[in-house]
Amino acid sequence: MTRRRKRIVIVGTGVAGSIMADGLRKLENAEVICLERATTEDHAEAGTGLNVGPNAIKALTLYHPELARTLLAESLPWESWRIELTGGRELMHLPLREVADNPGVRIRWAMLYQLLRQPVRDCVRFGVEAAAVRYARAGETGPIVLETVDRDARTDKIDGIDLLVGGDGRYSKVRQAFWGAPKPTMIGVCIFRLLLNEARPDLVDDYGQWFNGPNRLLAFRVPGDSTYISGSFPIPLDSDVSDDIKNADSLRQLYTPPEGLSAKCAFLVDAICNNVAHIHWARLQEAPVEFCDRHGRILLLGDAAHPMVPTLGQGGTQAIEDACIALDELRRAFAAPGEADIAAALRRIEARRLPRVQFAAGFSRDATDTMLAGADPVTGTLAKTSPEFRAKLARLYRDVSAA
Ligand SMILES: Cc1cc2nc3c(=O)[nH]c(=O)nc-3n(C[C@H](O)[C@H](O)[C@H](O)COP(=O)(O)OP(=O)(O)OC[C@H]3O[C@@H](n4cnc5c(N)ncnc54)[C@H](O)[C@@H]3O)c2cc1C
């Protein structure tokens with residue numbers, strides 16, 4: 001007797017959703033449909049870069065080696081972490097091999113999305129948004145029903161969904177529909193991002209951070225002769241980012257110490273001041289973790305499951321870990337004899353991911369200490385050279401769950 005194919009709908013093909021789609025579409029007895037609000041051309045985040053942690057590369061190598069190879073081929077290695085003051089004094093230089101089994105990577109968002117989406121484009125409906133989602137009502141084919149809307153306001157309905165994966169990011173519609181909107185905890189820090197179409201590897205190459213008081217610059221070179229620059233500074237807990245600060249003079253003042261900027265930071269600050277109009281602004285925030293519903297039909301991944309602060313570059317990195325572990329468990333469920341027990345697989349995913357994500361989110365929050373109002377970056381950074389901090393970094397970068 002042939003088994004009925006399980007219908008899996010993935011909402012959002014960002015980091016986690018694309019990896020899930022690529023793994024799940026190869027399963028027998030699974031029909032995979034992906035919805036992506038963005039079109040292939042118009043991703044708002046595509047104008048920046050990111051560093052992906054060594055732990056994500058380790059997880060991909062274990063669970064999706066083909067993608068790990070592609071990612072490594074198209075990116076630059078992230079091998080060291082340097083912290084200085086914006087005047088030039090070095091506070092920390094950590095070769096990542098001392099705390100990780102392999103390097104991480106540096107890449108542009110546009111390239112990352114392209115690499116992740118390319119293999120799955122045939123099963124993605126681009127420009128289509130999940131507008132409403134629910135457990136099936138009387139007369140509907142369940143367990144889950146989803147309504148979509150496209151760019152031309154055409155609507156559609158997908159029913160008979162056995163597994164709904166919410167990979168739809170920080171403002172997840174899937175999460176809101178089943179758990180309500182998460183209440184964010186603000187951290188009191190503004191963070192901005194910029195991709196500069198210029199590289200000066202003699203000044204800025206691998207991952208670096210520069211402090212003037214709690215005001216921090218972060219930058220690294222990415223492929224395509226570009227430099228990713230991020231800046232942060234404290235703001236009142238309950239306020240938006242004031243327009244008064246979004247200009248060249250104010251930003252320059254934030255990062256310039258009495259003794260003047262080092263050559264590296266002069267390059268970064270000039271780039272920021274010349275490109276204020278291209279900056280993406282955000283506020284540091286986090287929200288509680290949710291992975292799956294009690295019926296075992298809905299799985300949240302990445303920012304939808306655990307919006308965390310980006311201080312250690314772990315948001316996208318944990319989204320990759322999530323997808324790897326979820327794939328591992330779902331592959332096992334579909335390979336087992338009889339009907340795939342999706343609910344049991346979701347429980348195992350949560351059991352493997354919850355403690356790990358809570359650790360990564362908590363560690364990221366703690367590491368934000370030097371970016372808070374009144375912080376002293378010198379003592380705060382010295383604490384990051386302690387054996388305790390290094391042991392936690394080693395746990396973060398190495399302890400990827402292997403089964
Ligand atoms: C300032 C800043 C810097 C950061 N730097 C780093 C870094 O260096 N390294 C790192 O690892 N992480 C970093 N992050 C975090 C990272 O951006 C996120 O954690 C990561 O993108 C989450 O991946 P995801 O797959 O959960 O969601 P996303 O990658 O956000 O993907 C969600 C997808 O869902 C789609 N979508 C949303 N709603 C719908 C809908 N209703 N219907 C259909 N589609 C929908 C979106 O278009 C998008 O494609 C940073 C974040 C910030 C704010």
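The rules we used
- Residues numbered from 1 in each chain as written.
- Predicted model: local features only at pLDDT ≥ 70, side-chain atom pairs only at ≥ 80, totals over all residues.
- Heavy atoms only, no water.
- 1 Å grid on protein atoms, 1.4 Å probe; cavity = no way out; pocket = protein on both sides within 12 Å on 5 of 7 lines; lining within 4 Å.
- Points joined across faces, edges and corners; volume = space filled by probe spheres on them.
- Helix = DSSP H or I, 4+ residues; strand = E, 2+ residues; numbered from the N terminus.
- Nonpolar A, V, L, I, M, F, W, Y, C, P; charged D, E, K, R; others polar.
- UniProt positions renumbered as here; feature names shortened; annotations may be inferred.
- Pairing = 2+ DSSP bridges.
- Axes fitted to C-alpha atoms, helices over the stretch in contact; angles between N-to-C directions.
- Near = heavy atom within 4 Å.
- Polar contact = N/O pair within 3.5 Å; in protein donor to acceptor, adjacent residues only side chain to side chain.
- Areas by Shrake-Rupley, 256 points an atom, 1.4 Å probe, with all protein chains shown as cover.
- Parallel < 35°, antiparallel > 145°, perpendicular 65-115°, else oblique.
- Left-handed = near helix turned anticlockwise from the far one by under 90°.
- Contact = heavy atoms within 4.5 Å.
- Expected span 1.5 Å × (residues − 1).
- Buried < 20%, exposed > 50% of the residue type's maximum accessible area, 1.4 Å probe, protein only.
- Arc of directions from axis to C-beta.
- Phe/Tyr/Trp six-rings, centres within 6.5 Å; stacked < 30°, edge-to-face > 60°.

*Asks:* So what exactly am I meant to see when it comes to empty space enclosed by the protein here?
*Replies:* Over the atoms a probe the size of a water molecule is rolled, and this reveals where empty space is left. Considering all chains together, one arrives at 3 cavities of 30 Å³ or more under this definition. The computed volume of the largest cavity comes to approximately 60 Å³. Residue lining of the largest cavity: Trp81, Ile83, Gln209, Phe211, Arg216, Thr311, Leu312, Ala367, Thr370, Thr381 and Lys384, and that is the complete set. Elements with a minimum of two residues in the lining of the largest cavity: β5 (80-85) and β14 (208-212). Its residues placed into classes, the lining of the largest cavity shows 5 nonpolar, 4 polar and 2 charged.

*Asks:* Before we go on, may I ask you to explain the UniProt feature "domain: FAD-binding" (unreviewed entry) in the protein in this structure?
*Replies:* Within this numbering scheme, the UniProt entry marks residues 294-357 as carrying the feature "domain: FAD-binding" (unreviewed entry). Between the first and last C-alpha atoms of residues 294-357 the distance is 19 Å; the span itself is 58% helix and 5% strand.

*Asks:* Would you explain the sheet that holds strand β10 (residues 144-150) in this entry?
*Replies:* Hydrogen bonds between backbone atoms are what pair the strands of a sheet, whose relative direction is either parallel or antiparallel. Spatial ordering of the open sheet is given by β9-β10-β11, a layout of 3 strands whose pairing is antiparallel. Of all strands in the sheet, those with a lone pairing partner are β9 (128-135) and β11 (155-161), marking the two edges. Within this sheet the neighbouring strands show an average axis-to-axis angle of 20 degrees, counted without direction. Of the pairings in the sheet, the one linking β9 to β10 comprises 7 bridges and is antiparallel in character. In the strand pairing of β10, Glu129 is matched with Val149.

*Asks:* Help me understand the site of the ligand in this model?
*Replies:* Looking at the ligand, there are 32 residues lining it, with Ala16, Glu36, Asn51, Tyr113 and Asp303 nearest. The contact in question runs from an oxygen atom of the ligand to an N or O atom on the backbone of Ala16, over 2.8 Å. Contact distances for the ligand include 3.4 Å between an oxygen atom and a backbone N or O atom of Gly315. Burial of the ligand by the protein chains amounts to 91% of its free accessible area of 1000 Å². Of all the elements in the fold, those that place two or more residues in the shell around the ligand are α1 (15-24), β2 (30-36), β3 (49-52), α4 (109-117), β9, β13 (185-196) and α8 (315-335). In terms of residue count, α8 provides more of the shell around the ligand than any other element does, 4 residues in total. Each residue belonging to the shell around the ligand can be placed in one class, and the counts come to 14 nonpolar, 11 polar and 7 charged.

*Asks:* Help me out: how do you make sense of the packing of helix α3 (residues 65-74) against α4 in this one?
*Replies:* Packed helix pairs are specified by the crossing angle of their axes together with the interaxial distance, meaning the distance between the axes. The contact between α3 and α4 brings their axes to 11 Å, and the two run at 150 degrees. Of the possible angle classes, the one that applies to α3 and α4 is roughly antiparallel. Between α3 and α4 the crossing geometry is right-handed. Taking contact as the criterion, the partners of Leu67, Thr70, Leu71 and Glu74 in α3 are, on α4, Met111, Leu112, Leu115 and Leu116. Here the contact of α3 with α4 is built from residues that sort into 6 nonpolar, 1 polar and 1 charged.

*Asks:* Explain the side chain of Lys384 here, please?
*Replies:* Along the chain, Lys384 falls in the loop between α10 (377-383) and α11 (387-398). If we ignore the near neighbours within four places in the chain, the residues touching Lys384 are Met92, Ala367, Asp369, Thr370 and Phe389.

*Asks:* Would you take a moment to explain α11 for this structure?
*Replies:* Because each turn of an α-helix spans 3.6 residues, side chains separated by three or four positions in sequence point in the same direction. In this model, α11 (12 residues) spans 16 Å end to end at C-alpha, consistent with the 16 Å of a helix rising 1.5 Å per residue. Residues of α11 that are buried include every one of Phe389, Leu393, Ala394, Leu396 and Tyr397, and no others. Taken around the axis of α11, the buried residues stretch over an arc of 160 degrees, which confines them to a single face. What points out from α11, more than 90 degrees from its buried face, is the exposed set Pro387 and Glu388.

*Asks:* Just to check I follow, could you spell out the pairing of β14 for this structure?
*Replies:* Consecutive side chains of a regular strand alternate in pointing toward one face of the sheet and then the other. The element β14 is largely enclosed, with a buried count of 5 among its 5 residues. Neither face of β14 is exposed, since Gly208, Trp210 and Asn212 on one face and Gln209 and Phe211 on the opposite face are all buried. In this structure, β5 lies alongside β14, joined through 4 bridges in parallel fashion. Within β14, the residue paired with Arg82 across the bridge is Gly208. Here β14 pairs with strand β15 (residues 215-222) via 5 bridges, running antiparallel. Looking across to β15, one finds that Gly208 is bridged to Ala219. The turn joining β14 and β15, which pair antiparallel and follow one another in sequence, is formed by 2 residues; a positive phi near 60 degrees is taken by Gly213.

*Asks:* Which parts of the structure should I look at to understand the packing of aromatic side chains?
*Replies:* Aromatic ring pairs are defined here through the distance separating the ring centres and the angle between the ring planes. Scanning the model with the defined rule gives 12 aromatic pairs in all. Residues Trp78 and Tyr397 carry aromatic rings whose centres are separated by 6.2 Å and whose planes lie at 80 degrees to one another, so their mutual orientation is edge-to-face. Note that Trp78 is positioned in strand β4 (residues 76-78) and Tyr397 in helix α11, a separation of 319 residues in sequence. Each member of the pair, Trp78 as well as Tyr397, carries the same accessibility label: buried.

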